Amino acid sequence: MTTQAEDLVEYGFRRVIITITAVLCALLEIVDTTIVNVALNDMKGTLGATLTDVAWVITAYAIANVIIIPMTSWLSQQFGRRNYFAASIIIFTVSSFLCGNASNIWELVFFRFIQGMGGGALLVTAQTIITESYPAAKRGMAQAIYGMGVIVGPTLGPPLGGYLVDNFSWPYIFYINIPLGIIATILTLSFVKSPKYGEKLKANQVDWWGIIFLASFIGSLQFVLEHGQQDDWFEDITIVILSIVSFFGLILFIWRQLTYKYPIVNLRVLQDQNLRIGTIMCFILGFGLYGSTFIIPIYTQAMLGWTATDAGLLLIPSSIMTGIMMPIIGKMIQKGVPQAYLVAIGFMIFFGFTFWMYSIMTPDTGSEHMFWPLILRGMGLGLLFVPITTLALSTLHGRQIGEGAAFTGMMRQLGGSFGIAIITTFISRFTQSHRVNLIAHLDSTKFEVQQRIQQLQMGFMSKGFSASESLDKAHKAIEMSVMQQSTVLSYMDVFLYLGIMFLICIPFVLLIKRGGGKVDMSNVH
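About the thresholds
- Counting restarts for each chain: residues are numbered from 1 in the order of the written sequence.
- Given that this is a predicted model, residues contribute local features only at a pLDDT of at least 70 and side-chain atom pairs are listed and counted only at 80 or more, while totals for whole chains, interfaces and linings are drawn from all residues.
- Only hydrogens and water are removed before side-chain values are computed, so all heavy atoms of the structure are retained for them.
- Counting from the N terminus, the helices are the DSSP runs of H or I reaching at least four residues and the strands are the DSSP runs of E reaching at least two.
- Think of it in three bands: with a 1.4 Å probe and only protein chains considered, a residue is buried below 20% of the maximum accessible area for its type, exposed above 50%, and partly exposed in between.
- Here, two residues are considered to be in contact whenever any of their heavy atoms come within 4.5 Å of each other.
- Criterion for a salt bridge: a side-chain nitrogen of Lys or Arg within 4 Å of a carboxyl oxygen of Asp or Glu.
- Remark: nonpolar core denotes a set of buried residues (Ala, Val, Leu, Ile, Met, Phe, Trp, Tyr, Cys) joined through side-chain atoms within 4.5 Å.
- Aromatic rings from Phe, Tyr and Trp, with only the six-membered ring used for Trp, were paired whenever their centres fell within 6.5 Å, and each pair was classed as stacked if the ring planes differed by under 30 degrees, edge-to-face if by over 60, and tilted otherwise.
- In our convention, an over-ring charge means Lys NZ or Arg CZ found within 6 Å of a ring centre and within 35 degrees of that ring's normal.

Draft legend 1. Quick look at the overall build of the protein chain. When helices and strands are tallied, the protein chain shows 19 helices and zero strands. For the protein chain, the residues scored as buried account for 56% of the 525 residues in total. Expressed as a percentage of contacts within the protein chain between residues at least 6 apart in sequence, the contacts between residues at least 24 apart total 84%.

What follows is the structure, given as structure tokens:
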């Protein structure tokens, strides 16, 4: 360990403050990813926008996030970490205020993009700051503290958003960031230190083409994933063009980074086998974490008719469970329990959760049925997050760690986007096929079917409708229940497939070579 790395290690009160600042910033960024989901309907009303337009509020933020995350390590070196971190918080806070004041949908989308540019930095830089402030032996613990923020964040968003939207109005989901942002900025400027690695580049040495290729590759990919289902995938010319742009952007980006003298993203870090496996695992973790955080509220709101706040609160026990697990796992890694085993058990438990959800889903499942499966989900995530992050970074040294952290962060976000895109597509495709299968069984010559229609018709007639109107309503009611059943069946399928995906991962995890649970952070970024 160089003396410089030891300079960065903090003790006592300063370390507590730095940890709180970093976790607060990571939370701000992550809560903001999901808090908006609840407010979309209200935004649609106030800004007079269609659902497709409003979806851009989420898309813009996600695109900006994913573009900026791989560049964070490089940007920290350019501007000094403390200044860059503080500037990011300020950009984030100011654009939050502007988002709340937006008068039309595109203004909101634009400021949301800027907010994402500020927010993306908060995640990875926060992780690096926390990891560097702890001595090598306590690294597992540091990842666990950071992980609590990352996992609890997505689940805090919906209930908080629901509460603010129900009791105030949607701009308050943005205004709530302002006081927190101001506190975080002051704490950052007073307590965070900047390590000095490498010299600044002059403007003409900066890899501008690299930035352009990166933005076109990731931006287009993110757009395709967010809008694929509603625009009918490759039937839509925009989606086709952007897929091609994304593909060539990736190839040119890789070529540029490997040949240019001052690359923005150091791809050579991926020569490390553990980082490669860890990056793939992060992708799958993002898939499971964001996928299940996305699908459960939709199921409870659309199928069970819950309010946004209730749907959000349902996930809280699961997050608390993860929060309890994190420090325990951190301790286990410090004691030298092989991470690969923890990850394998985590995937196993996650499979248990999806299979359990698969077996309890009906059009009227109560929250008491979902309580224990979600507790199981919390345990699984706890077992996955800390080991995967420490494992991915376990055999890296020095500056590579910041670069590695950027990869894992980016892949986790992309995994989430892929997960949500694939899940929405599956749900709508499966619902159609289930509906066709169910209707095939509704034979109007069957006694049960006739009896059910007659019962419904009688029920409507007793409410004062004429016989023909009542018959019409009876048919509509049956169509409704068919639709409902087929949607529930498609949710069940999605859970089953998620589970199978996690099972397939287990043998691969066990291939990982052992790197100590210690991460040498001697000279990150």
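Next comes the rest of the write-up.
Draft legend 2. Broad picture of the pattern of salt bridges. Enumeration according to the criterion identifies two salt bridges in this entry. Linking Arg435 and Glu479 is a salt bridge whose minimum nitrogen-to-oxygen distance equals 3.2 Å. Of this pair, Arg435 sits in helix α17 (residues 400–441) while Glu479 is found in helix α19 (residues 467–509), placing the two residues 44 residues apart along the sequence. Residue Arg435 is classed as partly exposed on the basis of its relative accessible area, which comes to 24%. We classify Glu479 as partly exposed; its relative accessible area is 31%. Across the pair Lys476 and Asp472 runs a salt bridge whose closest N-O atoms are separated by 3.5 Å. Of this pair, Lys476 and Asp472 both sit in helix α19, four residues apart, roughly one helical turn. Taking relative accessible area as the criterion, Lys476 reaches 54% and is therefore assigned exposed.

Draft legend 3. Region of interest: the nonpolar core. Judged by nonpolar contacts, the single largest core of 112 residues is most densely connected at Ile296 and Phe347. Here the element with the most residues in this core is helix α12 (residues 273–302); it accounts for 12 residues.

Draft legend 4. Local environment of helix α4 (residues 72–79). α4 sits mainly inside the fold: seven of its eight residues count as buried. Residues of α4 that are buried include every one of Thr72, Ser73, Trp74, Leu75, Ser76, Gln77 and Gln78, and no others. Trailing α4 by a residue or two, Gly80 shows a phi angle of about 85°, which is positive.

Draft legend 5. Just the packing of aromatic side chains, in detail. Tallied over the entire structure, the rule returns 17 aromatic pairs. Centre to centre, the rings of Tyr172 and Tyr175 are 5.6 Å apart; their planes meet at 85°, and the pair counts as edge-to-face. Separated by three residues within a single helix, Tyr172 and Tyr175 lie in helix α8 (residues 172–175), roughly one turn from each other. The class of Tyr175 is partly exposed, set by a relative accessible area of 22%. With a centroid separation of 5.8 Å and 35° between ring planes, the pair formed by Phe355 and Tyr358 is classed as tilted. Of this pair, Phe355 and Tyr358 both sit in helix α15 (residues 339–360), separated by three residues, roughly a single helical turn. The class of Tyr358 is partly exposed, set by a relative accessible area of 25%. In this arrangement the basic side chain of Arg112 is found over the ring face of Tyr61, its NZ or CZ atom lying 4.0 Å from the centre. Here the basic side chain of Lys473 rests over the ring of Phe465, its NZ or CZ set 4.9 Å away from the ring centre.

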